[in-house]
Amino acid sequence: MTITPEAPAESAVPEFLELEITGRCQLTCPSLCYAKAGPTEGHGSMTTDDWKRVISEAAEIGVKKVQFIGGEPTLRPDFEGLVHCALVLGLDVQVYSNVYRVRHEHWELFGHRKVSLATSYYSDVAEEHEQVTGRKGSHAATRANIIEAVRRGSPLQVGIVEVFDGQRVTEAREELLALGVGRVGTDRVRSVGRGETHEPSVSDLCGNCAKGRAAVMTDGTVTPCVLGRFLGTGNARADGLAEVFGGQMWAETAARIPPRAGACPPDDSGDCDPSNTEACEPAY
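Anyway, here's the lowdown on the structure attached to this text. (Residues numbered from 1 in each chain as written. Predicted model: local features only at pLDDT ≥ 70, side-chain atom pairs only at ≥ 80, totals over all residues. Heavy atoms only, no water.)

Let us now look at the overall build of the protein. Of regular secondary structure, the protein possesses nine helices and eight strands. Sequence-distant contacts in the protein: of pairs separated by 6 or more residues, those separated by 24 or more amount to 68%. For the protein, the computed accessible surface area is about 12,900 Å², with 49% contributed by carbon and sulfur atoms. (Helix = DSSP H or I, 4+ residues; strand = E, 2+ residues; numbered from the N terminus. Contact = heavy atoms within 4.5 Å. Areas by Shrake-Rupley, 256 points an atom, 1.4 Å probe, with all protein chains shown as cover.)

And the structure:
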């Protein structure tokens, strides 16, 4: 009698890890921001050494790519050092920035072959964009830096979130494509953070959280993604990533999140490919 061996269990370690390194941001996004970030918010309780340990362990356990996000990640004083730490360890890096202000040295960093850039854009009309961001002048600044990123050849993806009825989402997408942006995603505002219209639940998520992706918050809490911040599963600083992803709480939380039809792009066989994290990312 031949016994067919069981297929190995799918790894609980995500390939894509979001690192929310600060709550500080130049914008306020009064009806959108999942992190409730703003100019007066802090960087959180995770120290530089804490973040470097998380990044090192991420590389050790099999994470392939980290995303620095906030808030505005470039406002954290050790931002460049953390990015370089990830690069030295062989990780791919994405920086999710509002690109409201971009320093010269950051453009040089964004030009690294293993670094990509992501941002948000809300309308081709300044008044609508600034209605979302809560800051006058943010549309012109963001648009100009999107153009600069394209000019420099920096890998760039842009997300558009529909926040209010009548918002010029279609026109914004067409404008971005005309400017040369290669990846443009759209999404709806979700009931998390300042966008909350009801108590957040797993039904508010895109369906890909904890499936090839996870996030670490500014206090070290590990969640299925930055939008799933209400679903804590342990703490990277206190417990370590390996223990969190190998634990029962992570498994139970992942099982609670229902898949969404069409939320995850197919692979070559036509099956859902949750490891394709760039395409699965919500437009924050």
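Now that the structure has been shown, we can carry on.
The first and last C-alpha atoms of helix α1 (residues 48-61) sit 20 Å apart over 14 residues, in line with the 20 Å expected at 1.5 Å per residue. Taken together, the buried positions of α1 are D50, W51, V54, I55 and A58. In an axial view of α1, the angular spread of the buried residues amounts to 135°, which keeps them on one side of the axis. Pointing more than 90 degrees away from the buried face of α1 are the exposed residues R53 and E60. Packed against the buried residues of α1 are β1 (16-20), β2 (65-69), α2 (79-88), β7 (213-216) and α7 (241-245). Of the residues flanking the end of α1, it is G62, one or two places downstream, whose phi is positive at about 115°. (Expected span 1.5 Å × (residues − 1). Buried < 20%, exposed > 50% of the residue type's maximum accessible area, 1.4 Å probe, protein only. Arc of directions from axis to C-beta.)

Time to look at the nonpolar core. Generally speaking, nonpolar side chains in soluble globular proteins are found buried as a group. Counting 76 residues, the largest nonpolar core has L17, L19, V66, F68, V93, V216 and L241 as the members making the most contacts within it. With six residues, α2 is the largest single contributor of residues to this core. If we ignore the near neighbours within four places in the chain, the residues touching L17 are A58, V63, K65, V66, Q67, A214, A215, V216, L241 and F245. (Core = buried A, V, L, I, M, F, W, Y, C linked by side-chain atoms within 4.5 Å.)

This model, assessed by the stated rule, comprises 14 salt bridges. A salt bridge links R53 to D50, with the nearest nitrogen and oxygen atoms 2.4 Å apart. Taken as a pair, R53 and D50 lie in helix α1 at a separation of three residues, close to a single helical turn. Between D187 and R190 there is a salt bridge, with its nearest N and O atoms 2.9 Å apart. (Salt bridge = Lys/Arg side-chain N within 4 Å of Asp/Glu carboxyl O.)

On the basis of which strands lie adjacent, the open sheet formed by eight strands has the order β6-β5-β4-β3-β2-β1-β7-β8 and mixed pairing. Only two strands of the sheet have a single neighbouring strand rather than two, namely β6 (183-188) and β8 (222-223). Examined bridge by bridge, strand β3 (residues 92-96) and strand β4 (residues 115-120) share four bridges and lie parallel to one another. In the strand pairing of β4, Q94 is matched with S116. Helix-sheet contacts for α2 involve β2, β3 and β4, and the interaxial angle to β2 is about 175°. (Pairing = 2+ DSSP bridges. Axes fitted to C-alpha atoms, helices over the stretch in contact; angles between N-to-C directions.)

Contact pair α1 / α2: the axes reach a minimum separation of 10 Å and the direction vectors enclose 20°. Considered as vectors, α1 and α2 are oriented roughly parallel to each other. Judged by the sense of rotation from one axis to the other, the crossing of α1 with α2 is right-handed. Here α1 contributes T48, W51, K52 and I55 to the contact with α2, which in turn contributes L82, C85 and A86. A per-class count over the contact of α1 with α2 returns five nonpolar, one polar and one charged. (Parallel < 35°, antiparallel > 145°, perpendicular 65-115°, else oblique. Left-handed = near helix turned anticlockwise from the far one by under 90°. Nonpolar A, V, L, I, M, F, W, Y, C, P; charged D, E, K, R; others polar.)

Note on placement: W250 falls in helix α8 (residues 248-256). Given the relative accessible area of 3%, W250 is considered buried. Distance from W250 to L231, taken between C-alpha atoms, is 9.4 Å for residues 19 residues apart in sequence. Apart from the residues within four sequence positions on either side, W250 is in contact with A12, A210, R213, A214, V222, T223, P224, T233, V244 and F245.

Turning next to the pairing of β3. With respect to burial, β3 is a largely interior element, four of its five residues being buried. Sheet topology places β2 next to β3; four bridges connect them, and they run parallel. By the bridge assignment for β3, Q67 is matched with Q94. Note on the crossover from β3 through helix α3 (residues 104-110) to β4: the handedness is right-handed. (Right-handed = clockwise from strand over helix to strand, strands pointing away.)

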